[in-house]
Amino acid sequence: MILDGKCPTGPIEQTWDKHRFDLKLVNPANKRKYNVIVVGTGLAGGAAAASLGELGYNVQAFCYQDSPRRAHSIAAQGGINAAKAYPNDGDSIYRLFYDTIKGGDFRAREADVWRLAQVSNNIIDQCVAQGIPFARDYAGYLDNRSFGGAQVSRTFYARGQTGQQLLLGAYSALSRQIKAGTVKMYNRREMLDLVVVDGVARGITVRNLVTGALESYAADAVCLCTGGYVNVFYLSTNAMGCSVTANWKAHKKGALFANPCYTQIHPTCIPQAGDYQSKLTLMSESLRNDGRCWAPKKKGDTRPPNQIPEEDRDYYLERKYPSFGNLAPRDIASRAAKEQCDEGRGVGPGGRGVYLDFADSIKRLSEDTIRERYGNLFEMYEKITDENAYKSPMRIYPAPHYSMGGLWVDYNLMSNVPGLFVLGEANFSVHGANRLGASALMQGLADGYFVIPYTIGGYLATVKPGQVKEDHAEFKKSMEDVNKDVNKLLSINGKRTVTDFMRELGTMMWENCGMARTKESLEANIKKIPALREEFWKNVKVSGSGADLNQQLENAGRTADFLEFGELLCRDALHRNESCGGHFRSEYQYDDGEAKRDDVNYCYVGAWEFKGVGVEPELHKEPLKFENVHLAVRSYK
Amino acid sequence: MSDHKTMTLTLIVWRQKNASDPGKFETYTAKNITEHHSFLEMLDCVNEDLILEGREPIVFDHDCREGICGMCSQVINGAPHGGQVRTTVCQLHMRKFKDGDTIYIEPWRARAFPIIKDLIVDRSALDTIIQAGGYTSCHTGGVADGNAILIPKPVADEAMDAAECIGCGACVAGCPNGAAMLFTGAKVSQLALLPQGKTEAAARVTAMTKAMAECGFGNCTNHYECQAACPKGINVKFIARMNREFLKAQFA
Amino acid sequence: MQLLSSSIGRKIVMAITGLLMILFVVVHLIGNTTIFGWISGGINAYAHHLHAFPPLVWAFRAFMLAAVSIHIWYGIQLTIENRGGRSQPYAVKATQKATFASENMIWTGLLLLCFIIYHLLHFTMKVVPGMALVPDAEGAINVFTMVVSSFQNFFVAFIYVAAMVTLFLHLSHGIQSFFQTMGWSTDRTLPVYVKAGTLVALVLFLGYVAVPLSIFAGILKG
C-alpha cells in the first residue's frame, strides 16, 4: 500500500495557514459532547490535554506516574528551538525548517517540518506567558544559546532544566483545566490496550497501578502522547518507566509503526560503570558550546588527561568537521566518539569513553562563568562519578536517547486508524532519521498546543459524539485479553527475573542494532530475539498478585512488548539498505566513514503493519517529496 | 569493572501491604554492593534476590533516576533523600556508605501523604495545591511576544531558583509538622516575582494556602528542615515571600 | 476573614503580639536596671513614675493581657493542629536545622506563662510570702527592699534565672521567626536575623539575670 500523508500542497509558506482554514470546525456548544482521551502527560500530552480542555472538549488524561508533572520530558536539559531570530544572526522560519530537514538527513515530510518551524515562535510566547523563567540578559530580553546542527543561536533555555520548566508550564495549564473540570486526570494508570470498534479508535483499557483493577474508558478520539522506545536498549537516558507498550498495543490493533530503526544515540552521556547499572545519564548537548571533545592520539594511552600534552590529543570533531566543530549533530558526534573507541583510543573503564574538556573555556571565561552556565550539570556529573569536571575533563560516551521513529501519522497527526492521534516523540513525523538538539521540546509542545487543537476538530466534526460506550463488546473483549496476559505472566513462575531478560535484550540490541548495524548483526538479532521471547514466556518469574501494586508485573508487561518490538526494529534496520541519520549501516558508508544515503531506493517512510507475533510484518511506503529543499549529501565539514 | 571492593549492608526497611495495614520494619542484607551503585541500584539488587527467593520485592517510587522527576521518595536514616546536600535518592551513591553499615529506609511520613504500599506514598495533595492556583490563566495562543515583557535578569534568576522545585515532597517529609510551605511558597514566589503572574498574585496566594490547609498539611514553625531536605536547595526565603504575598493579599 | 482562619494569618498575629511582648520585655529590663541606681531615686522612683496615672496603668495592663492571651491562644491552637502533621515518627531522627529552641516553643512558652503568673503574684500583687514589704510615709511599698529581700532566697533567685533561660530559648527562635513570618527576611537577611535575634535574647537574658544574681551573690545589698 502506498500511504498518503495528506499534506497540503501549494507554496510551503502557506500550507499550514491554508490547511487550518480548510479544516472543519466543531461548534463551541458541541465541543463538550465530545470525549477525548489523552494518554501520557509530557510536553505533548500535557499541552494537548490542557489546550483541548480549554477549547471545551471533555478530556480524560492518563499517566503511569503519580502526577502528570513527572513525565520524562522533565529531564530535557538544554533548551528549545524557535525561529525568533532575536540575535539578528540570520535565522528565519525557513532556516529552522531547512536545518531540521537537513539534520534529519532528508527523511522527514517537508510540510510537517515547515509547520513545526512556523509555530515554534508561538511556543516561546506561550511559555513566557505561563511564567516559565527563561534565561534573560541584563536588559531583560530573552537569551539564546547555540545547539548542534545549526550555525545560529536559536535555543531558548532555563538553566540546565528547560524540559522541566516547559513541562511544569504545561502541567500548570493542565492543572488549571483539571480545576475547571474540563479535564479529568487519572494518575497511576497504564494503558494496556487500544479499543478499536469497526476500524475506529474508541477507547482504551488501562490498569490501575495501585489496585491492579482493569478499567475501560471510551471516547470519540484517542491521543497517544506516550513518548519513545529507546528503553529497548535497556540502558538509555530514558526514565525507567518509559516503554513502547502503549504504541505497541496500538500497533497490534492496526496502527502502522514507521521508521522504528531511526534511534538517536546521544553523544554526551556518562559512561556505564558496572553491570548492575539501571540507566545512563545525559550531559546536555549545550556543554558542547564550551566543551571540546578529544581522545588521546596514541592507542591505550593511560596517562591522566591533564598529563597528555596538546600534541598528543586529537580534537576529532574540530578536525573532521571544521565548520561545525564540537557542535556537529548528534548522530555524527556519536559515531565519531565510537570510532575513537573502536580504534582503541577510548578512555576510562573498558576504553568506552572520550573526554569533554572545559579547560580552555575556563581559561578564557573563568570557572565562575562556566559554573553559572552549567553548574548543575557539573554537580550531577560529580554525584555520579565522584570526579570534579572543573579540574579534569568529563568522560563521556554515547547512549540511546530518543526515537525518531514512531507510529505513522498523517499531516493531521492521525494514524491510519481513524480517531487515533499520535503526538510528540510517539509519532514519527518531523525529525526524519535524526533529531537536532532542542527540537524535541519544540515538537512536543507544537503538537500539543498548536496542531492537535486544530486537527482534532477537523476529525471530530465528521463523527457523531458518544457512539460507543464502555459496555460495548469490544471493551469487554479487550479487558479479557489484557487480563489473560496478566494472569499468564503471573502463572509462569520461572527462574529468571524480568530485569534479567530485559538486560539481555538490551545488550543484544545495543551490540547488534546500536550505533552501527550490519546485515549479519541484524539477522543474528532477528533470529535470537524470538528465542529469547519464547524463553521469557516460559521462564520468567513474576511474583505477587495482579490485584495489587506490583512493579514486577508492570515491568514484565513492558518487557514482553519490547521483546516483540525489538524484532520489528531490527527488521526495519535490515530492510533499509542505506545509512542515514541515526541509522548507520556499516556496509553503506563513504571512504571517510560518512553515512551513505540512497535516495533512489529509500527516500520513503517505511511503515510496518502488524501481522501477528513472530509473523513477518508488512511494509507500506510513503514516498517523500522534496520540493523546497534540494536533496543533498548532508555535510557539516 | 569488578575490581572494586564490595560492601555488605544491613537494611531495615518499612514494609506495609496497603494503606490500612499497620506496617512494620523488616531486615534485609545487601551484598556485593560497590561504591558506584546508586542507592536505588542497591535496592534493585536486593529486590532481584528477593524475587528469586520467591519473596515480595520492596516497592518504591522511582522513574527518571537522574534527580529531576521527583518520583523517588525515601527517608534514609531519618533524612529525606538520605541527607546529602542537593541530592535525590536516585542520585545518592553508595560511596557515601561504609561496609557493614545499617541503613533505615522509611517512606515519607506526613498526614497529607497516606502510604500506598511499602515506601510509596500518595502525594496527590501537592497536585491539589497547584490546581488551586499554581498557574497564570493565559489561554493557549493569543499571548504577547516573548520579548514584549522585559524581565530583569536578577528577577528571572530568582524566579528560576523557585521554579526548580521538583515536587518530590521531601520538604513535607522533613518538616516536623508535615507542612508544605516550601513547596507552596516556591510556586507562589515564582509567579509573584514575574510580571506575568502579578495580576493574579493575590487570588493565587489566597487559594493555594487555603488548599494547602484543606489537604491536611501542618503549619510552618520556622525550623527550616524543609530547606535542608530539599534536593534542589530551595531557600526558605520563598516561604517569607509567600507570607508577604499573603499579607498583601489581605489588603488587596 | 482569611487572616484568622489560615495558619499564615494566625502566625502573623502571633508575630505581631510577640513583637509587642519583646518590646515590653526590653522596656521592662531598662526599668529593672534602675535598681543599680542609674537614675536618682533608683527603682523606687521608677516604680513611682510608672504608677503615677492608674487609668493608664490599667489600660496598658489590659492591652498586654490581650496580646499575651492572643499569642498563647494561637500558639496552642497551631501546635495542636501540627500534632500528627507527621503520621508517625521516623525510627531514626536526623534533625538537620531544627534546634532545641525551635522544637520546644510551646513548652518554653507555657513555662513562661507560668512564670508570668508567678511573677505577677510575686511583685505585682505581692502575695508570695518571704519578702520584706516595707511601706514608706505615703504607704507605697519600698520596691528596692522588696526585690533585694526576695532574691536573697536561693529558690526565688533560681526560679527567676531558670525563667530567663526559658525566655532566652523562646526569644532566640522567636525573634528571627518574627521576620520570617512577616515575610521580611531574604536569604541574605535571615542568617543576620537569626544571629541578631540570638544576640538580643542573650543581652536580655544577661540583663535580667544580673539583678537576682548580683543580689544573691551579695553584690547588691539592701
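Per chain, residues are indexed from 1 in the order of the written sequence. In the order they appear in the text, chains get letters beginning with A and ligands get numbers beginning with 1. Totals for whole chains, interfaces and linings use all residues, but because this is a predicted model, local features are given only for residues with pLDDT of at least 70 and pairs of side-chain atoms are given and counted only at 80 or more.

Asks: What's the story with the overall build of chain C in this structure? I'm lost.
Replies: Only DSSP runs of H or I reaching four residues or more are called helices, and only runs of E reaching two or more are called strands; each is numbered from the N terminus. Across its full length, chain C carries nine helices and zero strands. Moving toward the C terminus, one meets the helices and strands of chain C in the order α-α-α-α-α-α-α-α-α. By principal-axis analysis of the C-alpha atoms, chain C measures approximately 60 × 40 × 35 Å. Neighbour counting defines burial: a residue surrounded by 20 or more other C-beta atoms within 10 Å of its own C-beta is buried, one with 12 or fewer is exposed, and intermediate counts give partly exposed, using backbone-placed C-beta atoms. Split into buried and exposed, the 222 residues of chain C put 31% on the buried side. C-beta atoms are first placed from the backbone for all residues, and any pair lying within 7 Å is then listed as a contact. Partitioning the intrachain contacts of chain C with sequence separation of at least 6 by distance along the chain shows that 71% fall at a separation of at least 24.

Asks: Looking at this model, I keep getting lost on the pairing of strand 1 (residues 35-39) of chain A. Mind explaining?
Replies: It is a general feature of regular strands that their side chains alternate between the two faces of the sheet. All names here are of chain A. Here strand 1 lies mainly inside the structure; five of its five residues are buried. Along strand 1, one buried face is formed by Asn35, Ile37 and Val39 and the opposite face, lined by Val36 and Val38, is buried too. Two strands pair if DSSP finds at least two bridges between them. Pairing between strand 1 and strand 2 (residues 58-62): five bridges, direction parallel. Looking at strand 2, one finds that Val39 is bridged to Phe62.

Asks: What exactly am I supposed to notice about the domain arrangement of chain B here?
Replies: Interfaces are often sized by the accessible area lost when the parts come together. Residues and elements named next belong to chain B. Along its sequence, chain B is organised into domain 1 (7-106) and domain 2 (123-250). Domain extents, as shown, originate in an automatic or database domain assignment. The gap between the C-alpha centroids of domain 1 and domain 2 is 30 Å. Classes in brief: Ala, Val, Leu, Ile, Met, Phe, Trp, Tyr, Cys and Pro nonpolar; Asp, Glu, Lys and Arg charged; the others, Gly included, polar. Here the residues of the side of domain 1 that touches domain 2 sort into four nonpolar, six polar and one charged.

Asks: Is there a simple way to think about the interface of chain B and chain C in this case?
Replies: At the interface, 39 residues of chain B touch 37 residues of chain C. Breaking the side of chain B that touches chain C down by element, the ones donating at least two residues are strand 5 (102-106), helix 7 (201-214), helix 8 (225-229) and helix 9 (237-250) of chain B. Considering each element in turn, the side of chain B that touches chain C owes the most residues, nine residues, to helix 9 of chain B. Residue composition of the side of chain B that touches chain C, grouped by class: 15 nonpolar, 16 polar and eight charged.

Asks: Can you help me understand the environment of Lys527(A) in this one?
Replies: Counting through the fold element by element, Lys527(A) comes out in helix 15 (residues 519-539). Take Lys527(A): there are 11 C-beta atoms within 10 Å of it, and that puts it in the exposed class.

Asks: I would appreciate a short explanation of the interface of chain A and chain B in the present structure.
Replies: If you look at the interface, chain A gives 67 residues, while chain B gives 68 residues. Top contributing element to the side of chain A that touches chain B by residue count: helix 6 (residues 162-180) of chain A, with nine residues. Grouping the amino acids of the side of chain A that touches chain B by side-chain chemistry returns 26 nonpolar, 26 polar and 15 charged.

Asks: How do you make sense of helix 8 (residues 154-182) of chain C when you look at a structure like this?
Replies: Every α-helical turn comprises 3.6 residues, leaving residues that sit three or four positions apart pointing alike. Residues and elements named next belong to chain C. Here the expected span of a helix is defined as 1.5 Å times the quantity of residues minus one. End to end, helix 8 covers 41 Å across 29 residues, agreeing with the expected 42 Å (1.5 Å per residue, within 8%). In this analysis the local bend is the angle between axes fitted, respectively, to the seven residues ending at and the seven residues starting at the residue. Largest kink in helix 8: about 30°, centred on Leu171. Where helix 8 ends, the next residue or the one after it, Gly183, has phi of about 80°, a positive value.

Asks: Quick question: what am I supposed to make of unusual backbone geometry here?
Replies: Across residues other than glycine, the phi torsion is negative in most instances, and most of the peptide bonds are trans. Residues and elements named next belong to chain B. With phi around 65°, His81 is a residue other than glycine that occupies positive phi space. Inspection of the secondary structure puts His81 in the loop between strand 4 (79-80) and strand 5. On the neighbour-count criterion, His81 (27 C-beta atoms within 10 Å) is buried. Even without being glycine, Asn222 reaches a positive phi, approximately 55°. Note on placement: Asn222 falls in the loop between helix 7 and helix 8.

Asks: I tried to follow the arrangement of the chains on my own but got confused; where do I start?
Replies: By contact count, the leading pair among the two pairs of chains in contact is chains A and B. Nowhere do chain A and chain C come into contact; their C-alpha atoms are at least 19 Å apart.

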